Amino acid sequence: MSIPNVDIVVAGAGIVGCACAWKAAEAGFRVLVVEPRDVASGTTGAAMGHILVVDDNPSIFRLTSWACRLWSELASRLPPSVAYTRTGTLWIASNEEQYVTAKKKHIQGQRLGWNTELVSSQGLYELEPLLRPGLAGGLLVPEDAVVYPPAAASFFLAMARRYQARVVLGRRLVKITPHAVTLDDNEQIGMQWCLLTSGCEVRQLLPELPIFPRKGHLAITDRGAPLVRHQVVELGYHESVRSDAPVAVACNIQPRPTGQLLIGSSRQHGTQSTDVEWSVVRQMLARAIHFLPCLAGQAITRIWTGLRPATPDGLPVLGPCRQTPGVFVIAGHEGLGVTLSVASAELAVNWLLGKPSPIVIEPFLPERFQQQVSALS
Ligand SMILES: Cc1cc2nc3c(=O)[nH]c(=O)nc-3n(C[C@H](O)[C@H](O)[C@H](O)COP(=O)(O)OP(=O)(O)OC[C@H]3O[C@@H](n4cnc5c(N)ncnc54)[C@H](O)[C@@H]3O)c2cc1C
């Protein structure tokens, strides 16, 4: 059966591709989604689902703030399976130095209109009584949330279908030329734009883009009485994200509506293997137990890994590819792809329509890497 030409081919049905398919189809484009495996079978199926504002870079602060607002506006339309829950994020300061960092974030947040609450040491234990004694305080971000990413991706794709998007599973894009894509059975489909949302596999189609896998482990406990109510993250988490070390771990604990706790997180460079590495799991669990000692008595029911699509500067890649006309890249979201899925989709579709977005796209354009290469040569 041959597939008719379309306006937009979306390459990959992870959460980013599904959100793009929805927003593009809703805007009136004829959309085709191509996915070699199943919906959310890539990194999305391995993610934690924390929806959060990140403030360590002005561009990413603006983008994540907008993204969280979009999720919040969407919340009442999401089905129960997505389990959107406003847990808030409780950033933990282990010592006075980190408490000063929390204070600075709070003051800066107030200037920027970011809703945060500075939490004293005593206040911390009122919020989370089971944390280990001796912590210096923290920063509460009450509007952060959590979702179940595979269900969110499926919902976005169902919305896309409602606007007549077509979905082809079990087929892969193998080539993109200006205004046509070729699938792995040699079928060619004409299109105006290919939205490249193939996560860690983007380089198979655009080798020049520096998107590489950054491995992460997660563990989940058995069901039981909830031990924490907020997503509890140590303030040192941002250092683990920026770290060049072969293995970096940080305490990141998420309460699930089932009473389970999802425990992260680890980051590894230089590996494409998705095997569970027990030495990394031990470091990650030890870090979580260091902050929440009662975890030591909890049964872990499953441990898994995923590959985050990372970039050298830690920013996602959003924008048209100058070398291959007709390709618009939406990838490289590292540990923020769930948070940024809807915002990235809106940004892309607004750009295609020539409509303004509340966020400027320039810091995220793919050509920034080309400029770096030119500057070095
Ligand atoms: C351990 C871990 C924890 C995380 N926690 C969070 C979190 O709490 N919050 C958050 O915001 N983010 C989190 N992330 C990051 C988030 O999961 C990713 O950024 C996001 O899932 C990326 O989505 P994607 O759609 O770009 O990629 P993917 O989900 O990988 O989807 C890409 C799809 O493209 C398909 N594909 C590949 N090649 C082709 C081709 N040639 N043609 C067509 N299709 C193709 C693949 O099969 C795949 O389904 C976490 C990630 C990990 C690993």
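Before any of the text, the structure's been laid out above.
Keep in mind it's a predicted model, so treat the numbers as computed, not measured.

Caption draft 1: The arrangement of the sheet that holds strand 8 (residues 166–169) in detail. Strand order in the open sheet formed by 6 strands is 8-2-1-12-19-18, with mixed pairing between adjacent strands. With partners counted over all chains shown, the strands left at the sheet margins are strand 8 and strand 18 (317–320), one partner each. For this sheet the average axis-to-axis angle between neighbouring strands, irrespective of direction, equals 15 degrees. One ladder, built from 4 bridges, connects strand 2 (residues 31–35) with strand 8; its direction is parallel. When the bridges of strand 8 are listed, L32 appears paired with R166.

Caption draft 2: Spotlight on the packing of aromatic side chains. Per the stated rule, a full pass over the model turns up 9 aromatic pairs. Summarising the aromatic geometry, the rings of F155 and F156 are spaced 6.1 Å apart at their centres and angled 55 degrees between planes, so their arrangement reads as tilted. Neither F155 nor F156 differs from the other in exposure class; each is buried. A centroid spacing of 5.6 Å and a plane angle of 90 degrees characterise the contact between W193 and W351, whose relative ring orientation is edge-to-face. Here W193 is found in strand 12 (residues 193–196), whereas its partner W351 is found in helix 8 (residues 337–353), with 158 residues between them in sequence. The ring centre of F291 lies 5.7 Å from the NZ or CZ of R132, which sits over that ring.

Caption draft 3: Inspection of empty space enclosed by the protein at higher detail. Evaluated as defined, the whole model comprises 1 cavity of 30 Å³ or more. Taken as a whole, the largest cavity encloses approximately 30 Å³ of empty space. Of the residues that constitute the lining of the largest cavity, the class distribution is 5 nonpolar, 1 polar and 2 charged.

Caption draft 4: Region of interest: the nonpolar core. Membership of the largest hydrophobic core comes to 75 residues, with the highest contact counts inside it found for V31, L63, W71 and F156. Core analysis: the second largest hydrophobic core is formed by 26 residues, A11, L183, M191 and F369 among them.

Caption draft 5: Up close: the site of the ligand. Around the ligand lies a shell of 38 residues, among which E35, R37, T44, E334 and T339 are the nearest. One of the side-chain nitrogen or oxygen atoms of R37 is found 2.6 Å away from an oxygen atom of the ligand. Contact distances for the ligand include 2.9 Å between an oxygen atom and a backbone N or O atom of H50. Considered on its own, the ligand offers 1,000 Å² of accessible surface; in the complex 98% of this is hidden by protein. Broken down by element, the residue count for the shell around the ligand peaks at 4 residues, all from strand 17 (residues 300–310). Grouping the constituent residues of the shell around the ligand by class yields 16 nonpolar, 16 polar and 6 charged.

Caption draft 6: Seen up close, the pairing of strand 9 (residues 173–177). Note: strand 9 against strand 10 (residues 180–183), 4 bridges, orientation antiparallel. Directly across from K175, in strand 10, lies its bridge partner T182. Connecting the antiparallel pair strand 9 and strand 10 is a turn made up of 2 residues, with H179 showing a positive phi of about 70 degrees.

Caption draft 7: Region of interest: the sheet that holds strand 11 (residues 188–190). Strand order in the open sheet formed by 3 strands is 9-10-11, and the pairing between neighbours is antiparallel. Unpaired on one side and paired on the other, strand 9 and strand 11 mark the two borders of the sheet. On average, adjacent strands in this sheet sit at an angle of 20 degrees to one another, irrespective of strand direction. Direction of pairing for strand 10 relative to strand 11: antiparallel, over a ladder of 3 bridges.

Caption draft 8: Representation of the layout of surface pockets within the structure. The space that makes up the second largest pocket amounts to roughly 260 Å³. Forming the walls of the second largest pocket are 15 residues, and the residues nearest its centre are V53, S65, R69, W114 and E143. In the lining of the second largest pocket, the residues fall into 6 nonpolar, 4 polar and 5 charged.

The rules behind these values
Residues numbered from 1 in each chain as written. Predicted model: local features only at pLDDT ≥ 70, side-chain atom pairs only at ≥ 80, totals over all residues. Heavy atoms only, no water. Pairing = 2+ DSSP bridges. Helix = DSSP H or I, 4+ residues; strand = E, 2+ residues; numbered from the N terminus. Axes fitted to C-alpha atoms, helices over the stretch in contact; angles between N-to-C directions. Phe/Tyr/Trp six-rings, centres within 6.5 Å; stacked < 30°, edge-to-face > 60°. Buried < 20%, exposed > 50% of the residue type's maximum accessible area, 1.4 Å probe, protein only. Lys NZ or Arg CZ within 6 Å of the ring centre and 35° of its normal. 1 Å grid on protein atoms, 1.4 Å probe; cavity = no way out; pocket = protein on both sides within 12 Å on 5 of 7 lines; lining within 4 Å. Points joined across faces, edges and corners; volume = space filled by probe spheres on them. Nonpolar A, V, L, I, M, F, W, Y, C, P; charged D, E, K, R; others polar. Core = buried A, V, L, I, M, F, W, Y, C linked by side-chain atoms within 4.5 Å. Near = heavy atom within 4 Å. Polar contact = N/O pair within 3.5 Å; in protein donor to acceptor, adjacent residues only side chain to side chain. Areas by Shrake-Rupley, 256 points an atom, 1.4 Å probe, with all protein chains shown as cover.

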